[in-house]
Amino acid sequence: MTDDIQAGSPTTDAPSPVDTYIGDPAERAEWDRRYADNGPLWSGRPNGALVAEVAGLTPGRVLDVGCGEGADAVWLARGGWDVTALEVSGVALERAAGHARDAGVTVRWVHAGLAEAALPPRSFDLVSAQYPALLRTPDAAGERALLAAVAPGGVLLLVHHAGMDTQPVPEGGFDPADYVWPSMVAAFLDEDWEVEVDEQRPRVAPEGGAGAHHTDDVVLRARRLR
């Protein structure tokens, strides 16, 4: 990604010639390769669980974690949300910014890893993480960063594919144990939080795009009380 999108100072501008990515270079390279090796990787439509869970919320400031090619960010902006969208892949962000321009909506793009982004704490009315590929760390940086971003009265919405965290690891393949799952985030919720939804349910999946074969979601929705 050639951009001026910095952690801590998101912008709505088009990408510039200066790369200011903040995060793990290896993680960025991996996801850039995945996007570059494909045309559009996702369906271009918002995730079904997001649409369902946001229906009763008053639009405010939202953080879209792992925004990919921007379908959720664009949908939220069209719905009146003030959107900040974070992504490690510059290839994906280029596509997302193009979709936002085509839709005529404003989104702040942040090219960074979540733990490294230095986003303002407790400043988002909604933090949405739809199937995020957040790597686990000994200090639980991903889990803590998700929770830290939610404002008092705000909502954390974390959605993931059901059952993946218990599947056997194929040789040389994706190891679910390397990533943050909703149950790990739920373990950090204390008396300052109210769990509104914590369940497995059939996935309402957009047609097409990677991941369309997954049939069930795990949905964690929690509200920060104070």
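Please refer to the structure higher up on the page.
The present account deals with the structure reproduced in this document. (Residues numbered from 1 in each chain as written. Predicted model: local features only at pLDDT ≥ 70, side-chain atom pairs only at ≥ 80, totals over all residues. Heavy atoms only, no water.)

Moving on to the sheet that holds strand β2 (residues 82–87). Across the sheet, 7 strands lie side by side as β3-β2-β1-β4-β5-β7-β6; this open sheet has mixed pairing. Taken across any chain shown, the strands that pair with only one partner, and hence form the sheet edges, are β3 (107–111) and β6 (193–202). Direction aside, the axes of adjacent strands within the sheet are offset by 15° on average. Where strand β1 (residues 61–65) lies against strand β4 (residues 124–130), 4 bridges are found, and the strand directions are parallel. Opposite D64, over in β4, you have S128 as the bridge partner. Across the sheet, helix α4 (residues 90–103) is in contact with β2 and β3; its angle to β3 comes to roughly 175°. (Pairing = 2+ DSSP bridges. Helix = DSSP H or I, 4+ residues; strand = E, 2+ residues; numbered from the N terminus. Axes fitted to C-alpha atoms, helices over the stretch in contact; angles between N-to-C directions. Contact = heavy atoms within 4.5 Å.)

Our next topic: the packing of aromatic side chains. Under the defined criterion, the tally for this structure stands at 1 aromatic pair. Judged by centre distance (6.3 Å) and plane angle (40°), the ring pair of W31 and Y35 falls under tilted. Residue W31 and its partner Y35 are located together in helix α1 (residues 25–36), separated by 4 residues, close to a single helical turn. Its relative accessible area of 14% is what places W31 among the buried residues. Its guanidinium or amino end placed over the ring of W31, R34 lies 4.3 Å from that ring's centre, counting from NZ or CZ. One cation-aromatic arrangement involves R61 over F124; the distance from NZ or CZ to the ring centre is 4.8 Å. (Phe/Tyr/Trp six-rings, centres within 6.5 Å; stacked < 30°, edge-to-face > 60°. Buried < 20%, exposed > 50% of the residue type's maximum accessible area, 1.4 Å probe, protein only. Lys NZ or Arg CZ within 6 Å of the ring centre and 35° of its normal.)

All right, on to the pairing of β2 then. Taking burial as the measure, the 6 residues of β2 include 5 buried ones, the bulk of the element. With helix α3 (residues 71–78) bridging β1 and the parallel β2, this β-α-β connection has right-handed handedness. Two elements, β2 and β3, share 5 bridges in a ladder whose sense is parallel. The partner of A85 across the bridge, within β3, is W109. Regarding topology, α4 serves as the crossover connection from β2 to the parallel β3, and that connection is right-handed. (Right-handed = clockwise from strand over helix to strand, strands pointing away.)

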